[in-house]
Amino acid sequence: GYGPQYQGPQEPLKEKDVKAMLENYVQSTRNPNLKVGKIVEKDASFEAEILAKDNALVDKILVDKNTGWMRSIY
């Protein structure tokens, strides 16, 4: 194919890696009222909260440990 090829992580992601990815994601939204909340490790993924500055739940994100793929749970 054309262009750079996506290459996933070589080993499963750790919580610190997921936190860094999510902080980068929140920053890319350019919404100063969002922050990363609690991150919980599940079997093959991490479940993370995206919170408003007043700690209201905005979204829950599922991050696959093996691929780094993120999606909203809702």
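Anyway, here's the lowdown on the structure attached to this text.

Reading guide: rules and limits
- Residues numbered from 1 in each chain as written.
- Predicted model: local features only at pLDDT ≥ 70, side-chain atom pairs only at ≥ 80, totals over all residues.
- Heavy atoms only, no water.
- Helix = DSSP H or I, 4+ residues; strand = E, 2+ residues; numbered from the N terminus.
- Buried < 20%, exposed > 50% of the residue type's maximum accessible area, 1.4 Å probe, protein only.
- Contact = heavy atoms within 4.5 Å.
- Areas by Shrake-Rupley, 256 points an atom, 1.4 Å probe, with all protein chains shown as cover.

## A closer look at the overall build of the protein chain
What the protein chain contains, in helices and strands, is one helix and four strands. The order of helices and strands in the protein chain, counted from the N terminus, is α-β-β-β-β. Burial statistics for the protein chain: of 74 residues in total, 26% are counted as buried. Within the protein chain, counting contacts between residues at least 6 apart in sequence, those at least 24 apart form 28% of the total. Accessible surface computed for the protein chain: about 5,500 Å², of which carbon and sulfur atoms make up 50%.

## Notes on unusual backbone geometry
Peptide bonds are mostly trans, and most non-glycine residues show a negative phi. The residue arginine 30 is not glycine, and still its phi comes out positive at about 60°. Take arginine 30: it is sitting in the loop between helix 1 (15-28) and strand 1 (34-41). Under the relative-accessibility criterion, arginine 30 is labelled exposed at 77%. At asparagine 55, a residue that is not glycine, the phi angle is positive and equals roughly 70°. Take asparagine 55: it is sitting in the loop between strand 2 (45-52) and strand 3 (57-64).

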